[in-house]
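Given next are the chains, with one letter for each unit.
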Amino acid sequence: MQRSQFLRSIAPVLLICLVFGAVFALLPMPGGDDWGMYQGAAQRIATGIALYGSPVMETRDYYSNPPWLAALFIPLSYLPLRWGWGVLAGLTLLAATGLIHRYASGKLKLVLFLLSPPVIYTLIHGQVDVLILAGALLPAQWWPLVALTKPQVALGLALGVPRRQWLHAAILFSVVVLASLLLFGPWPLELLAQPRPFQFMTHNLWLGLWPFQVPLGIALLAMGLERKDTRFFFSASPFLFPYAAISSLAGPWLAGLSFLKDWQAVLVFVSWWAAVIYRALVGA
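Notes on the structure follow. Owing to the predicted nature of the structure, the values given are computational and were not obtained by experimental measurement.

So, how was this worked out
- Residues numbered from 1 in each chain as written.
- Predicted model: local features only at pLDDT ≥ 70, side-chain atom pairs only at ≥ 80, totals over all residues.
- Heavy atoms only, no water.
- Helix = DSSP H or I, 4+ residues; strand = E, 2+ residues; numbered from the N terminus.
- Rg over C-alpha atoms; globule rule 2.2 N^0.38 Å.
- Buried < 20%, exposed > 50% of the residue type's maximum accessible area, 1.4 Å probe, protein only.
- Contact = heavy atoms within 4.5 Å.
- Areas by Shrake-Rupley, 256 points an atom, 1.4 Å probe, with all protein chains shown as cover.
- Axes fitted to C-alpha atoms, helices over the stretch in contact; angles between N-to-C directions.
- Parallel < 35°, antiparallel > 145°, perpendicular 65-115°, else oblique.
- Expected span 1.5 Å × (residues − 1).
- Arc of directions from axis to C-beta.
- Core = buried A, V, L, I, M, F, W, Y, C linked by side-chain atoms within 4.5 Å.
- Salt bridge = Lys/Arg side-chain N within 4 Å of Asp/Glu carboxyl O.
- 1 Å grid on protein atoms, 1.4 Å probe; cavity = no way out; pocket = protein on both sides within 12 Å on 5 of 7 lines; lining within 4 Å.
- Points joined across faces, edges and corners; volume = space filled by probe spheres on them.

Here we come to the overall build of the protein. Counting its regular elements, the protein contains 16 helices and 0 strands. What you see for the protein is a C-alpha radius of gyration of 19 Å, in line with the 19 Å of a compact globule of 284 residues. Across its three principal axes, the protein shows a C-alpha extent of roughly 55 × 50 × 45 Å. Counting over 284 residues, the protein shows a buried share of 45%. Within the protein, contacts between residues at least 6 apart in sequence are counted, and of these 69% link residues at least 24 apart. Within the structure as shown, the protein displays about 14900 Å² of accessible surface, and the carbon and sulfur contribution to it stands at 72%.

Below is the structure:
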């Protein structure tokens, strides 16, 4: 009985992943460049090749996240690039649906989230920001690990752990980090030694602005601590880091949808896409 229930529960997930894998594999559409980076990192772990140290960015040899994220993608990395990209897109849409179900409500807000610039950016490039944001759905003791996995998406969650769970969170964090150090050596030093040109590229939202956006992040953290509201913690994250892409704003947009009325959400959605189109037209 339990096995049949498990199969029934996982069947929709597998079907969605299969459908999107086929769509991304068969349609002549460009993209998936960031997924290529994650796929390459996962394959290097599987074959025992050094995970960090590439002097070149935007290649399959470059990787800038903790090793456990790449390790989770090892099974998916054996698929052809476009099929893996498609499955990742399916998982992203499932995560986005779960986030809206948890923090907002209504079909309209689901559509506004799925078609928003952060989620579209995530899908096109094969990024993991929405999956990282879905870490907020995990028990709070996992949040420090989620925060470290991609700080520009989830850094603020590290402060959202309730005091009664601090010990469990500290033990879990220590065990995972210690295990990663034993398996991969001093990877934090190797990661920090890599070139970090993303901060100075035009798709960095804070290019020329850092650190003037940080006070807004601190204000959101303070509101989260005062109200004990997870939405403020993940909303603060992009503003606390020197680099953020459009995909990094999935958290603030999710929180905004949870607070806004439908007509207000539509207004923000339309104005956001207008801003994106304007920037694309002027070539900035």
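Glancing now at the packing of helix 2 (residues 33–47) against helix 5 (residues 81–103). Contact pair helix 2 / helix 5: the axes reach a minimum separation of 10 Å and the direction vectors enclose 105°. The angle between helix 2 and helix 5 places the two elements in the roughly perpendicular class. Here Trp35, Gly36 and Gln39 of helix 2 come into contact with helix 5, specifically with Leu81, Gly84, Trp85 and Leu88.

Turning our attention to helix 13 (residues 214–227). For helix 13, spanning 14 residues, the distance from its first C-alpha to its last is 20 Å, which sits close to the expected 20 Å at 1.5 Å a residue. Restricting attention to buried positions, one finds in helix 13 the residues Val214, Gly217, Leu220, Leu221 and Gly224. Each buried residue of helix 13 sits inside an arc of 120° when the element is viewed along its axis, so together they form one side. Structural note: helix 13 exposes Pro215, Glu226 and Arg227 on the side pointing more than 90 degrees away from its buried face. Residues of helix 13 that are buried in the fold lie against helix 14 (230–236).

Okay, the nonpolar core next. With 74 residues, the main nonpolar core has Tyr38, Tyr63, Phe73, Phe113, Leu157, Phe234 and Leu254 as its most contacted residues. When residues of this core are assigned to their parent elements, the largest contribution, 10 residues, is made by helix 5.

Right, let's get into unusual backbone geometry. In this structure, proline 211 follows tryptophan 210 across a cis peptide bond, with omega equal to 0°. Take proline 211: it is sitting in the loop between helix 12 (187–193) and helix 13. If you check the backbone angles, lysine 228 has positive phi at about 55° while not being a glycine. The topology assignment puts lysine 228 in the loop between helix 13 and helix 14. The exposure class of lysine 228 is exposed, given its relative accessible area of 71%.

Moving on, we come to the pattern of salt bridges. Evaluated as defined, the whole model comprises 2 salt bridges. Ionic pairing is found between lysine 150 and aspartate 129, a salt bridge with its closest N-O pair at 2.9 Å. Within this pair, whereas lysine 150 is found in the loop between helix 9 (143–149) and helix 10 (151–154), its partner aspartate 129 is found in helix 8 (residues 129–133), the two being separated by 21 residues in sequence. Take lysine 150: its relative accessible area is 5%, and that puts it in the buried class. By relative accessible area, aspartate 129 is classed as buried at 1%. With a closest N to O distance of 2.6 Å, aspartate 229 and arginine 231 form a salt bridge. Side by side, aspartate 229 and arginine 231 carry an identical accessibility label, which is buried.

Okay, helix 11 (residues 166–184) next. Taking 1.5 Å per residue as the helical rise, helix 11 with its 19 residues ought to reach 27 Å, and the 26 Å between its terminal C-alpha atoms agrees with that figure. Elements that come into contact with the buried residues of helix 11 comprise helix 3 (67–72), helix 9 and helix 12. Glycine 185 sits one or two residues past helix 11 and shows a positive phi near 75°.

A word on the side chain of aspartate 229. Here aspartate 229 lies in the loop between helix 13 and helix 14. Among all residues touching aspartate 229, those that are not within four sequence positions of it are Gly224 and Phe259.

Its volume calculated, the largest pocket comes out at about 1100 Å³. If you trace the largest pocket, you find 41 residues lining it, with Ser64, Gln152, Phe198, Phe241 and Tyr243 closest to the centre. When residues of the lining of the largest pocket are traced back to their parent elements, those giving at least two are helix 2, helix 7 (117–125), helix 9, helix 10 and helix 12.

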